[in-house]
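The chain contents come next:
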Amino acid sequence: MSTDRTINVRFFNMWGADIQNVMLKFSASKSGVESDTYKIDSLKNGESAGPFLRHYQTGIGSENFDYWYVEFFSEGSPSGKFWCKNNFSCVLDSDVDNTREAHFWIGGTKKEAYTGFPETGGGWEDGYNGTPSEDPGSNYTCYVSLDGPA
């Protein structure tokens, strides 16, 4: 039987420029029918927004995929609209400490989106050190290249 869970997500702009018209969407199904959607008018480089409540499921009967989506407009270099693929999936499992915030951010060096999850016991999953950066190297849980500009 699946278990309904929630976690707060903080979004960070590590793009290297201010961004506008940000849309975040979190879904536990590929169809996106049951999703949490949030809009941010503008976010300065190096700042964060949130927390935003994200619903997910764990256990038998859950789809076992957690989809993350961001789109935004940058006036920096390069300028234009950027977005991540609709199927960017990074699984929130029962090892995630949902009493703490998960991190979702964009990094401008490689034009990618990243996630980092708090681990039960106080640390972070997969070597993530808890600090989003513009070029995180291997300091994240999952990542995806962004499309754009459009």
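Residues numbered from 1 in each chain as written. Predicted model: local features only at pLDDT ≥ 70, side-chain atom pairs only at ≥ 80, totals over all residues. Heavy atoms only, no water.

A. A look at the pairing of strand E2 (residues 19-27). As defined by bridge partners, E2 adjoins strand E3 (residues 35-43) across eight bridges and the pair is classed as antiparallel. Bridged to Val 22 within E3 is Ile 40. Pairing of E2 with strand E5 (residues 67-74) involves seven bridges; the strand directions are antiparallel. What sits directly across from Gln 20, in E5, is Phe 73. (Pairing = 2+ DSSP bridges. Helix = DSSP H or I, 4+ residues; strand = E, 2+ residues; numbered from the N terminus.)

B. Broad picture of the environment of Glu 125. Examined against the element boundaries, Glu 125 turns out to sit in the loop between strand E8 (112-116) and strand E9 (142-147). Relative accessible area serves as the criterion here: at 7%, Glu 125 is assigned to the buried category. Sequence separation between Glu 125 and Val 96 is 29 residues; the distance between their C-alpha atoms is 7.9 Å. (Buried < 20%, exposed > 50% of the residue type's maximum accessible area, 1.4 Å probe, protein only.)

C. Quick peek at the pairing of strand E7 (residues 102-107). Counting buried residues along E7, six of its six residues qualify, which places the element largely inside the surrounding structure. Side chains Ala 102, Phe 104 and Ile 106 of E7 all project onto a buried face; the interleaved residues His 103, Trp 105 and Gly 107 project onto the opposite face, where all are buried too. For strand E1 (residues 3-14) and E7, the ladder comprises six bridges, and the chain directions are parallel. Note on E7: the bridge partner recorded for Phe 12 is Trp 105.

D. Local environment of the packing of aromatic side chains. Scanning the entire structure with this criterion turns up 14 aromatic pairs. Measuring from centroid to centroid gives 4.9 Å for Tyr 38 and Phe 52, while their planes differ by 40°, and the two rings are tilted. Of this pair, Tyr 38 sits in strand E3 while Phe 52 sits in strand E4 (residues 48-58); the two residues are 14 residues apart in sequence, bridging distant segments of the chain. An aromatic cluster of at least three residues, connected via ring pairs, comprises Phe 11, Phe 26, Tyr 38, Phe 52, Trp 68, Phe 104 and Phe 117. (Phe/Tyr/Trp six-rings, centres within 6.5 Å; stacked < 30°, edge-to-face > 60°.)

E. Region of the structure containing unusual backbone geometry. Here the amide bond leading from Gly 50 into Pro 51 is cis, since omega sits at 15°, within 30 degrees of zero. In the segment running from Gly 148 into Pro 149, the intervening peptide bond is cis, with an omega of -5°. With respect to the helices and strands, Pro 149 occurs in the segment after E9. Phi angles above zero are rare outside glycine, and Asn 21 is one such case at about 50°. Owing to a relative accessible area of 58%, Asn 21 belongs among the exposed residues under this scheme. With a phi angle near 55°, Lys 111 is a residue other than glycine that sits in the positive phi range. The topology assignment puts Lys 111 in the loop between E7 and E8.

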